[in-house]
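In case you want the letters, here they are:
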Amino acid sequence: MSTVAINHQAPETAAPPLLTDTAIDGMAAYEALVNEARSDRTGFWARLAREHLSWHRPFTKVLDESNAPFFKWFDDGLLNASYNCLDRHLHDGNANKTAIIFEADDGSVTTITYRQLHARVCRLANALRARGIVCGDRVMIYLPMSIEGVVAMQACARIGALHSVVFGGFSAKSLHERMVDVGAVAVITADEQMRGGKNLPLKSVVDEALKMAGTDGIHTVIVYRRTGGSILWDEPRDCWLHELEAAQPDTCEPEWVGAEHPLFVLYTSGSTGTPKGVQHSTAGYLLWAAVTMKWTFDLRTDDVYWCTADIGWITGHSYICYGPTAVGATQVIFEGVPTWPDAGRFWEMIARHKVSIFYTAPTAIRSLIKAAETNSGVHPRRFDLDSLRLLGTVGEPINPSAWEWFAREVGGGRCPVLDTFWQTETGGHMITPLPGATPLVAGSCTLPLPGIEAAIVDETGCELPNGQGGLLVVKEPWPSMLRAIWGNPQRFRSGYYPADLGGKLYLAGDGAIRDAQTGYFTITGRIDDVLNVSGHRMGTMEIESALAAHPLVAEAAVVGRPDETIGEAIVAFVVLKGPRPQGTEARQLADQLRAWVGKEIGPIAKPKEIRFGDSMPKTRSGKVVRRLLRSVAKGETLAQDMSTVENPAVLRQFGHHE
Ligand code: PRX
């Protein structure tokens with residue numbers, strides 16, 4: 001395990017929010033829930049599961065710890081996620097409520113009610129069954145942000161098939177790797193996607209992935225016609241979504257699955273090897289998505305909620321597809337990008353749709369600050385943002401100045417900013433302020449939610465006092481935690497419940513520190529070789545392997561360099577098989593390698609900088625000295641001890657000048 005990099009900035013206290021009547025009204029209410037969970041952990045979770053989920057057959061067991069850390073929750077209960085998100089609202093007065101306000105890249109708006117969404121999901125679910133897809137099968141989803149994205153995910157859930165959504169920015173190779181690992185039988189995609197005024201291919205990427213080895217099991221490709229762009233067609237494998245839907249009735253008996261039945265597998269990057277398939281359960285996962293919608297976002301009947309994430313990430317799963325629908329929210333879904341046609345798009349959309357809860361990423365905020373500073377026409381003050389009452393951020397640390405700008409310029413000083421810390425693996429929020437309860441501090445995700453026993457420990461698993469930085473862990477299981485790494489139970493156990501820490505603590509992979517007085521948590525960043533680039537999780541090893549696969553490359557090492565806007569920038573150090581290139585040749589080669597990484601993984605993984613050297617700086621035992629490369633990437637003076645480095649001179653080539 002690498003050492004913890006603590007980079008703690010003194011928190012500045014911000015004005016507490018002035019909301020009353022919230023889901024958790026005041027710190028006393030928060031403490032009461034924390035105590036309820038501590039004094040009767042299973043009773044607490046059972047109460048929530050009964051209150052927030054509809055069960056086809058109620059559970060009698062709450063938590064099975066007999067095979068820890070492979071925990072089971074509500075194991076003998078039967079339910080269906082899509083029933084909970086849709087059918088429930090046919091009878092609770094929400095049938096004709098708008099479920100989704102979809103704004104396309106070009107600004108056109110389509111809305112759909114809960115009744116209509118239910119019907120579309122049922123039709124597609126019937127169609128999936130008609131194509132021979134059954135409970136337990138895996139279906140890849142490679143779609144743009146759309147109503148169809150939610151329909152596809154919910155239709156899988158309805159028949160008990162597991163979806164595996166892949167972000168539309170990933171390459172054919174990345175898609176292929178995931179579809180083979182998960183053993184998919186079908187793909188749901190679109191002809192093309194529209195982003196920033198451009199048509200980008202999707203179906204042709206699927207075709208390319210399906211030409212690669214190991215995809216014979218995929219018998220169906222369902223295509224949503226988004227742009228009408230020309231695509232290749234392979235009958236009978238390929239079929240149009242609208243034709244399938246038209247041929248089916250708009251009701252569909254849900255598959256009642258056990259609480260632990262996997263709802264989906266979502267791939268994310270780890271510090272080693274290939275991306276890992278994070279497997280979530282049905283009941284525990286859905287429970288927390290619903291509860292946190294109410295606790296963190298304090299969702300009310302007339303709210304218009306907007307989360308700007310993509311369904312290809314966990315935020316789009318928990319806080320677009322499942323959480324908002326489980327609680328009957330009206331939500332905005334946006335196809336495009338925040339900077340098109342200009343950087344005022346988010347503010348204009350908030351005004352147009354009267355958004356009251358706005359949840360986005362610090363990277364987006366930072367880039368919009370920059371844009372507003374240079375072009376007053378896209379400054380949030382130019383727009384009517386009075387409808388907003390809550391703001392949230394997710395995905396990476398938010399620096400206090402961006403937090404304050406967001407609170408002041410977007411929230412008008414009235415709206416609490418909720419810095420929500422969580423991960424793909426945790427399923428939902430873990431450490432976050434609660435509106436109307438937690439006094440806010442810019443740059444801190446404050447306190448764990450009731451039921452979440454977060455702590456900070458040293459490298460042997462001993463809890464550290466407040467004020468001392470260490471490893472963020474969770475001491476007790478919680479229902480929405482990941483259940484497994486798809487097909488790799490050992491990786492689950494060793495990665496998340498490492499023996500070094502005693503085997504009983506969930507290791508988040510982040511460093512954190514608690515404030516000496518308030519006990520508030522501040523996340524200090526990953527402790528492993530995972531980078532956070534624009535809020536996207538990227539493994540350095542994945543990028544290194546992609547570079548090393550290029551015919552000219554002998555060796556590559558990738559590190560992150562702190563970046564004001566995107567959080568971390570990818571810097572790659574490359575040794576070629578031939579001589580080290582210089583000048584124009586180096587620049588051309590760097591461009592070529594960047595394009596290569598874009599093709600191998602996806603544009604989000606392209607290194608910002610590529611530097612060439614004659615060899616890699618290594619210890620005498622042959623390990624690449626990443627800490628030195630990190631310093632070189634930052635342009636720091638190398639004060640560290642270099643006696644263990646075999647070839648320190650190469651650092652100068654890589655850009656370090658004493
Ligand atoms: O490093 C933490 C960072 O994002 C990681 C999880 O990434 P992912 O699984 O892709 O999920 C992102 C959306 C939940 C964490 O290990 N992270 C996430 N939220 C925060 C954060 N870092 C600081 N503050 C946050 N609020």
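Conventions used here
Residues numbered from 1 in each chain as written. Predicted model: local features only at pLDDT ≥ 70, side-chain atom pairs only at ≥ 80, totals over all residues. Heavy atoms only, no water. Near = heavy atom within 4 Å. Polar contact = N/O pair within 3.5 Å; in protein donor to acceptor, adjacent residues only side chain to side chain. Areas by Shrake-Rupley, 256 points an atom, 1.4 Å probe, with all protein chains shown as cover. Helix = DSSP H or I, 4+ residues; strand = E, 2+ residues; numbered from the N terminus. Nonpolar A, V, L, I, M, F, W, Y, C, P; charged D, E, K, R; others polar. Domains from an automatic or database assignment. Contact = heavy atoms within 4.5 Å. Buried area = accessible area lost by both parts, 1.4 Å probe. Salt bridge = Lys/Arg side-chain N within 4 Å of Asp/Glu carboxyl O. Pairing = 2+ DSSP bridges. Axes fitted to C-alpha atoms, helices over the stretch in contact; angles between N-to-C directions. Core = buried A, V, L, I, M, F, W, Y, C linked by side-chain atoms within 4.5 Å. Buried < 20%, exposed > 50% of the residue type's maximum accessible area, 1.4 Å probe, protein only. Phe/Tyr/Trp six-rings, centres within 6.5 Å; stacked < 30°, edge-to-face > 60°. Lys NZ or Arg CZ within 6 Å of the ring centre and 35° of its normal. Expected span 1.5 Å × (residues − 1). UniProt positions renumbered as here; feature names shortened; annotations may be inferred. Parallel < 35°, antiparallel > 145°, perpendicular 65-115°, else oblique. Left-handed = near helix turned anticlockwise from the far one by under 90°.

**Student:** How do you make sense of the site of the ligand when you look at a structure like this?
**Tutor:** Lining the immediate environment of the ligand, one finds 17 residues, of which Asp419, Thr424, Asp510, Arg526 and Arg537 sit closest. Contact between the ligand and Thr420: a nitrogen atom at 2.8 Å from a main-chain N or O atom of the residue. One of the side-chain nitrogen or oxygen atoms of Arg526 is found 2.8 Å away from an oxygen atom of the ligand. In isolation the ligand offers 540 Å² of accessible surface; the protein chains occlude 95% of this area. Elements that contribute at least two residues to the shell around the ligand include exactly α10 (314–326), β21 (417–420) and β27 (521–526). Looking at the shell around the ligand, its residues break down into six nonpolar, six polar and five charged.

**Student:** Please clarify how the side chain of Arg483 should be interpreted in this entry.
**Tutor:** Topologically, Arg483 is positioned in the loop between β24 (470–474) and β25 (484–485). Polar contacts involving the side chain of Arg483 include one to the side chain of Glu260, which spans 2.7 Å. In this structure the side chain of Arg483 is engaged in a polar contact, spanning 2.9 Å, whose partner is the backbone oxygen of Pro479.

**Student:** How should the domain arrangement of the chain be read in this particular structure?
**Tutor:** Interfaces are frequently sized by the accessible area removed from exposure as the parts join. We note that the domain assignment places domain 1 (27–337 + 421–510) and domain 2 (534–654) within the chain. Summarising the inter-unit geometry, the C-alpha centres of domain 1 and domain 2 are found 34 Å apart. On the domain 2 side, the residues contacting the 19 residues of domain 1 number 13 residues. For the domain 1 and domain 2 pair, buried surface summed over both sides reaches about 1200 Å², with 44% attributable to carbon and sulfur atoms. If you sort the residues of domain 1 by the area they bury against domain 2, Lys173, Ser269 and Trp313 come out on top, with a joint share of 34%. One salt bridge in this structure joins Lys599 and Glu208, with 3.3 Å as the shortest N-O distance.

**Student:** When you look at the sheet that holds β21 in this model, what are you seeing that I'm missing?
**Tutor:** By way of backbone hydrogen bonds, the strands of a sheet pair with one another, either parallel or antiparallel. If you walk across this open sheet you meet the seven strands as β6-β5-β18-β17-β19-β20-β21, and the pairing is mixed. This sheet does not close on itself; its edge strands, each paired only once, are β6 (109–113) and β21. Across the sheet, the mean angle from the axis of one strand to that of its neighbour is 20°, orientation sign disregarded. Packing against the sheet, helix α4 (residues 114–130) makes contact with β5 (98–103) and β6, and its axis sits at approximately 85° to β6.

**Student:** What should I look at first to understand the nonpolar core in this one?
**Tutor:** One broad rule of soluble globular proteins: the nonpolar side chains tend to lie buried together. Judged by nonpolar contacts, the single largest core of 172 residues is most densely connected at Phe74, Leu124, Trp295, Tyr322 and Val574. Here this core gathers at least three residues from each of two domains, domain 1 (27–337 + 421–510) and domain 2 (534–654). Dropping the residues within four chain positions of it, Trp295 is found in contact with Ala23, Ile24, Leu33, Phe44, Leu48, Trp288, Leu434, Pro435, Leu449 and Pro450. Judged by nonpolar contacts, the second largest core, of 33 residues, contains Phe346, Trp347, Ala371 and Val378.

**Student:** What is the right way to read the packing of aromatic side chains from this model?
**Tutor:** For any pair of aromatic rings, geometry is given as the distance between the ring centres together with the angle between the planes. Per the counting criterion, the structure on display carries 38 aromatic pairs. Ring centres of Phe264 and Tyr285 lie 4.9 Å apart, and the angle between their planes is 85°; on these two criteria the pair is classed as edge-to-face. Linking Phe264 in strand β15 (residues 262–268) with Tyr285 in helix α9 (residues 283–295), this pair joins segments that are 21 residues apart in sequence. Like Tyr285, Phe264 is buried. Members of the aromatic cluster, joined through ring pairs, are Phe44, Trp45, Trp55, Phe59, Trp73, Phe74, Trp288 and Trp295. In this structure, Arg178 is placed above the aromatic ring of Phe170, and the distance from its NZ or CZ to the ring centre is 4.4 Å.

**Student:** Explain α4 here, please?
**Tutor:** Between its first and last C-alpha atoms α4 spans 24 Å; for 17 residues at 1.5 Å apiece the expected length is 24 Å, and the two agree. Taken residue by residue, α4 has Tyr114, Leu117, His118, Ala119, Arg120, Val121, Cys122, Leu124, Ala125, Asn126, Ala127 and Leu128 as its buried positions.

**Student:** Can you help me understand the UniProt feature "binding site: CoA" (unreviewed entry) in the chain in this one?
**Tutor:** The UniProt record annotates "binding site: CoA" (unreviewed entry) at Arg195, Gly196, Gly197, Lys198, Thr315 and Ser534. A maximum C-alpha distance of 24.6 Å is found for the annotated residues, which run over 340 residues; spatially they are spread out rather than grouped. Within the secondary structure layout, Gly197 lies in the loop between β10 (192–195) and β11 (198–201). For Gly197, the contacting residues outside a window of four places in its chain are Asp105 and Trp340. If you trace the backbone, Ser534 turns up in the loop between β28 (530–533) and β29 (536–539). Classification of Ser534 as partly exposed rests on a relative accessible area of 24%.

**Student:** Explain the packing of α4 against helix α5 (residues 147–159) here, please?
**Tutor:** If you want to describe how two helices pack, look at the angle between their axes and the distance between the axes. Look at α4 against α5: their axes get within 8 Å of each other, and the N-to-C directions meet at 55°. Here α4 is positioned oblique relative to α5, judged by the angle of their axes. With respect to the hand of their crossing, α4 and α5 are arranged in right-handed fashion. Mapping the contact onto sequence places Leu117, His118, Arg120, Val121, Cys122, Leu124, Ala125, Leu128 and Arg129 in α4 and Ile147, Glu148, Val151, Ala152, Gln154, Ala155, Cys156, Arg158 and Ile159 in α5. Here the residues of the contact of α4 with α5 are counted per class, giving twelve nonpolar, two polar and four charged.

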